[in-house]
Amino acid sequence: MNVHGTVAEGFEPVRDAFARNFTSLGERGAAVAVYRDGRKVVDLWGGSRDVDDASGTEPWRRGTAQVVRSATKGVAAAVPLLLHRRGELDLDAPVGEYWPEFKAHGKERVLVRHVLNHRAGLPVLDRPLTPEEALDPRRGPAAVAAQAPVWEPGTDHGYHALTYGWLLDELVRRASGGRGAGQWIADEIAGPLGLDLWVGLPAAEEAAGRAGRVGRLDEPEPSGSGNGPRLRPKRAVTEAYENPGSLTRRAFAAITPFPDQNDPEYRAAALPAANGIATADGLARFYAALIGEVDGVTRDVRLFDRATMELARAEESAGPDRILVVGTRFGLGYMLHGSASPFLGPGSFGHPGRGGSLGFADPETGIALGYVTNGFRKTVTADPRAQALVRAVRASLDRDPS
């Protein structure tokens, strides 16, 4: 397996772990980028750009982008927090102040912060949307506005796997004068930073073949050494995903059937919960700009000031998650370091994508990481390939006394 790219001195363990993901964990095509204090120290890629290209005739190249699924949520979460910093969105205001139609069915007391910390009580739709409906920017928000909560808002938390995107997008649209989250990200985040990152892939990028094809990967065989990936989830988790009536299954089935993630129409739509497309560098660079300055297109850019960064990573929800059926921790729009989603350390914040991808920042070490893959596994929050890279970054820092 040929691994391409560079690593700074001291970060060789990341290159070794990245190569082992191909030889030991069945990786088909992937990339990883790491920034430290705003400077890129890891930039690696390898394999095939398309998951179904087993022969490798179309290699992954520098600049290959992929659908990152729920890693999109961490990017999208920056938008309401930046609007809040500008005084355009009050986190403690009822959602209905910005979106009057949302007040129906007992949702008058759902606050803006409940959308971001997964306490809104709206993870499911009684009538799932079809793929065509889901891609219409009006239908998803309308469906959530018409939905009754499945628990008292603010009293408990549960991962809003798909509805998060419609809630956030409509809030942003109402607070920012009509711009949805995808356009806001393009104008005020990706543009100034020069990121290869989109929530709604432009037609020109689609025509240029920027995004590879994604798909499911079979689980690797256990290594037999006891050091391989943990393949057996707890029984309660398994039952929750298998039971069609469970909140878990219903949350992930809010679009039924789920769209073809390689369809240009799907990639062109803006679903801030699920269909962001990014390079590993785009994802890592975004997180680097949340915790410090990064060289931008015309000037150095820092997206979050210190107060906004602390707001993002302050614990808002913790404990048993009513959807994921494991203990989770959330700040405002970001998952926090914990057993269900281990990042680099206690102060890390970011978001994984179901089946593989990961982006996060760790302010204490100045590290920001982005990992993208074209092969999705059954994992939801802690894919073994991504975790191998996180451990390798930690090992690199342990070797560096600075």
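Each value, and the rule that gives it
Residues numbered from 1 in each chain as written. Predicted model: local features only at pLDDT ≥ 70, side-chain atom pairs only at ≥ 80, totals over all residues. Heavy atoms only, no water. Helix = DSSP H or I, 4+ residues; strand = E, 2+ residues; numbered from the N terminus. Rg over C-alpha atoms; globule rule 2.2 N^0.38 Å. Buried < 20%, exposed > 50% of the residue type's maximum accessible area, 1.4 Å probe, protein only. Contact = heavy atoms within 4.5 Å. Areas by Shrake-Rupley, 256 points an atom, 1.4 Å probe, with all protein chains shown as cover. 1 Å grid on protein atoms, 1.4 Å probe; cavity = no way out; pocket = protein on both sides within 12 Å on 5 of 7 lines; lining within 4 Å. Points joined across faces, edges and corners; volume = space filled by probe spheres on them. Nonpolar A, V, L, I, M, F, W, Y, C, P; charged D, E, K, R; others polar. Phe/Tyr/Trp six-rings, centres within 6.5 Å; stacked < 30°, edge-to-face > 60°. Lys NZ or Arg CZ within 6 Å of the ring centre and 35° of its normal. Pairing = 2+ DSSP bridges. Patch = residues over 30% accessible without salt bridge, like charges linked within 9 Å, V, L, I, M, F, W, Y side chains within 5 Å. Salt bridge = Lys/Arg side-chain N within 4 Å of Asp/Glu carboxyl O. Lys, Arg positive; Asp, Glu negative; His and termini not counted. Charge placed at Lys NZ, Arg CZ, Asp CG, Glu CD. pLDDT = per-residue confidence, 0-100.

Caption draft 1: Just the overall build of the chain, in detail. Counting its regular elements, the chain contains 15 helices and 16 strands. For 402 residues, the compact-globule estimate of 2.2 N^0.38 gives 21 Å, and the chain sits close to it at 20 Å. Expressed along its principal axes, the backbone C-alpha trace of the chain runs to roughly 55 × 50 × 40 Å. Burial analysis of the chain (402 residues in total) assigns 57% to the buried set. Within the chain, contacts between residues separated by at least 24 positions form 68% of all contacts whose residues are at least 6 apart in sequence. Summing over all exposed atoms, the chain offers an accessible surface of approximately 16100 Å²; the carbon and sulfur share of this is 48%.

Caption draft 2: Examining empty space enclosed by the protein more closely. Tallied over the full model, the rule gives 6 cavities of 30 Å³ or more. Class assignment of the residues belonging to the lining of the largest cavity gives a composition of 5 nonpolar, 7 polar and 2 charged.

Caption draft 3: Representation of the packing of aromatic side chains in the model. One pass over the full model with this rule turns up 10 aromatic pairs. Residues phenylalanine 258 and tyrosine 266 carry aromatic rings whose centres are separated by 6.0 Å and whose planes lie at 65° to one another, so their mutual orientation is edge-to-face. An aromatic cluster of three or more residues is present, and its members are Tyr159, Tyr241, Phe252 and Phe330. When the ring centre of phenylalanine 252 is taken as reference, the NZ or CZ atom of arginine 354 above it lies at 4.3 Å.

Caption draft 4: Main features of the environment of valine 14. Along the chain, the position of valine 14 falls in helix H1 (residues 12–24). Once the C-alpha coordinates of valine 14 and valine 34 are considered, the two residues, 20 residues apart in sequence, prove to be 9.3 Å apart.

Caption draft 5: Inspection of the sheet that holds strand E7 (residues 277–278) at higher detail. Spatial strand order, E4-E7-E5: 3 strands in an open sheet with antiparallel pairing. Both outer strands of the open sheet, strand E4 (66–67) and strand E5 (197–198), are each paired with one neighbouring strand and no more. Pairing analysis gives 2 bridges linking E4 to E7, with the strands arranged antiparallel. Residue pairing for E7: valine 67 is matched across the bridge by isoleucine 277.

Caption draft 6: Layout of the layout of surface pockets. Volume-wise, the second largest pocket comes out at about 160 Å³. Looking at the second largest pocket, it is lined by 16 residues, and the ones nearest its centre are Asp43, Arg62, Gly63, Thr279 and Asp281. Among the elements of the structure, strand E2 (29–36), strand E3 (39–47) and helix H13 (280–291) are those that each provide at least two residues to the lining of the second largest pocket. Here the lining of the second largest pocket gets 4 residues from one element, more than from any other, and that element is E3. Of the residues that constitute the lining of the second largest pocket, the class distribution is 7 nonpolar, 3 polar and 6 charged.

Caption draft 7: Layout of a negative patch on the surface. Together, Glu132, Asp260, Asp263 and Glu265 line one region of the surface with negative charge. Summarising the element assignment, aspartate 260 is placed in the loop between helix H11 (247–252) and helix H12 (264–268).

Caption draft 8: Quick peek at the confidence of the model for the chain. When pLDDT is averaged along the chain, the result is 95, and 96% of the positions lie at 70 or above. Contacts for the low-pLDDT stretch residues 224–231, under 50 throughout, to residues beyond four places or in other chains number 7 contacts.

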